[in-house]
Amino acid sequence: LFPYTTLFRSLVDMGGGYMHFSEARARGAVRAHVVLIHGASGSEADMMAPLGAKLAARGFHVLAIDRPGHGWSDRLDGETPARQAALMRAALAKA
């Protein structure tokens, strides 16, 4: 599925539930970091599957996060877009 990368999956403890993300690490020097966020439905795989390997093959370190209540992430009282953004930012800081 990801021929030029190694795919890692992680759960970050948010103190009341977990946030899930996947990571595609570039081989060699990292050009930049990219965070992929899926739409109102779906999961991180919706973004990682078509883009993760292609970006990682070009030297990008790619993180794709499941929004609260989607995929493998717990709901975490993330009902508004602003609250979801704050939770995702905090999860990435812990990752």
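Residues numbered from 1 in each chain as written. Predicted model: local features only at pLDDT ≥ 70, side-chain atom pairs only at ≥ 80, totals over all residues. Heavy atoms only, no water.

Some words on the overall build of the protein
Counting its regular elements, the protein contains two helices and four strands. On C-alpha atoms alone, the protein measures out to a radius of gyration of 13 Å, which is about the 12 Å that the 2.2 N^0.38 rule sets for 95 residues. Overall size of the protein, expressed as C-alpha extent along the three principal axes, is 40 × 25 × 20 Å. Within the protein, residue pairs in contact and separated by at least 24 positions form 63% of the contacts whose partners lie at least 6 positions apart. For the protein, the computed accessible surface area is about 5,400 Å², with 55% contributed by carbon and sulfur atoms. With 11 positive and 8 negative side-chain charges, the protein shows a spacing of 11 Å between the two charge centroids. (Helix = DSSP H or I, 4+ residues; strand = E, 2+ residues; numbered from the N terminus. Rg over C-alpha atoms; globule rule 2.2 N^0.38 Å. Contact = heavy atoms within 4.5 Å. Areas by Shrake-Rupley, 256 points an atom, 1.4 Å probe, with all protein chains shown as cover. Lys, Arg positive; Asp, Glu negative; His and termini not counted. Charge placed at Lys NZ, Arg CZ, Asp CG, Glu CD.)

Looking at unusual backbone geometry
What you tend to see is this: most non-glycine residues have negative phi, and most peptide bonds are trans. Positive phi, normally seen in glycine, also occurs at Leu 76, with a value near 55°. Along the chain, Leu 76 falls in the loop between β4 (60–65) and α2 (81–94).

Considering the packing of aromatic side chains
Under the criterion given, the structure shown has zero aromatic pairs. Stacked on the ring of Phe 8, the Lys or Arg Arg 25 has its end atom at 3.7 Å from the ring centre. (Phe/Tyr/Trp six-rings, centres within 6.5 Å; stacked < 30°, edge-to-face > 60°. Lys NZ or Arg CZ within 6 Å of the ring centre and 35° of its normal.)

Things to note about the pattern of salt bridges
If you walk through the whole model with that rule in mind, you get two salt bridges. One salt bridge connects Glu 44 with Arg 9, and the closest N-O pair in it is separated by 2.7 Å. Note that Glu 44 is positioned in the loop between β3 (32–37) and α1 (45–57) and Arg 9 in strand β1 (residues 6–13), a separation of 35 residues in sequence. Here Glu 23 and Arg 25 are joined by a salt bridge, their closest N and O atoms 3.2 Å apart. A relative accessible area of 10% places Glu 23 in the buried class. Residue classification places Arg 25 among the partly exposed positions, given a relative accessible area of 38%. (Salt bridge = Lys/Arg side-chain N within 4 Å of Asp/Glu carboxyl O. Buried < 20%, exposed > 50% of the residue type's maximum accessible area, 1.4 Å probe, protein only.)

Quick look at the side chain of Asp 66
Take Asp 66: it is sitting in the loop between β4 and α2. Within the structure, Asp 66 has its side chain in polar contact with the backbone nitrogen of Trp 72 (distance 2.9 Å). Discounting chain neighbours no more than four positions away, the residues touching Asp 66 are Met 19, His 20, His 38, Ser 43, Glu 44, Gly 71, Trp 72 and Ser 73. (Polar contact = N/O pair within 3.5 Å; in protein donor to acceptor, adjacent residues only side chain to side chain.)

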